[in-house]
Amino acid sequence: MAALYRSRLLVALAAACAVVLTSSSVAQAGAVGSTPVRTFEYSVGGMTMKVPTGCAFTHIIRGGGKKITYQNAGVDCAFVAALGTGFCNWRIDFTYANTNNRTYRTSRGRTHPECKIDPMRNNSPQTLPRYGKACAHLYVNGVRRVSQCHHITK
């Protein structure tokens, strides 16, 4: 089972590299970033759940200027973390802030009551009204556990 998750992680990394390496002559921009998910415990229905070390939260964004053509965020786990129960009562939000770091838009994801080892969410294409940054946030049981951001600049 660990081999399955390890191969998924390698495929995801290879796909991210392919996106970066296969750019067209049209002015396009993209970013891929991952942030480790720190170990934490939380309670679900009286049971204590533990997320061990070995998971990363990845945020992918493509587009040009203030136009976002693709955006995705999700968790990949490897080794012992891939064998766990995962993340219960999770949601992924996307936020957009101006250059003064003031959030002006939030795309709140729905809360998923089931437990999932690899939560993921896409967001709709859009044109932002201003430059700044785009962030993805993972919430577990209503608590923000990890964030990953990209700057949107000229």
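That block above? That's the structure.
Bear in mind the structure is a predicted one, so any value in this text is a computation, not a measurement.

J.: An account of the overall build of the protein chain is requested, with residue identities and associated values reported.
T.: When helices and strands are counted, the protein chain shows one helix and 12 strands. Seen in sequence order, the protein chain has helices and strands lined up from the N terminus as α-β-β-β-β-β-β-β-β-β-β-β-β. For the protein chain, the proportion of its 154 residues judged to be buried stands at 40%. At a minimum sequence separation of 6, the contacts of the protein chain that also span at least 24 residues come to 62%. Accessible surface, the protein chain: about 8700 Å² in total, of which carbon and sulfur atoms supply 56%.

J.: Requested: an account of the nonpolar core, with residues and values cited.
T.: Counting residues in hydrophobic clusters, the biggest one holds 26 residues, and the most contacted among them are Val37, Phe57, Phe87 and Leu138. Within the residue set of this core, elements represented by two or more residues are strand 2 (40-44), strand 3 (47-51), strand 4 (55-64), strand 5 (67-77), strand 6 (87-98), strand 11 (132-140) and strand 12 (143-152). The leading source of residues in this core is strand 6, at six residues.

J.: Talk me through the pattern of salt bridges; I want residue IDs and the actual numbers.
T.: Under the definition given, this model contains one salt bridge. Between Arg91 and Asp93 there is a salt bridge; the shortest N-O distance is 3.0 Å.

Calculation notes
Residues numbered from 1 in each chain as written. Predicted model: local features only at pLDDT ≥ 70, side-chain atom pairs only at ≥ 80, totals over all residues. Heavy atoms only, no water. Helix = DSSP H or I, 4+ residues; strand = E, 2+ residues; numbered from the N terminus. Buried < 20%, exposed > 50% of the residue type's maximum accessible area, 1.4 Å probe, protein only. Contact = heavy atoms within 4.5 Å. Areas by Shrake-Rupley, 256 points an atom, 1.4 Å probe, with all protein chains shown as cover. Core = buried A, V, L, I, M, F, W, Y, C linked by side-chain atoms within 4.5 Å. Salt bridge = Lys/Arg side-chain N within 4 Å of Asp/Glu carboxyl O.

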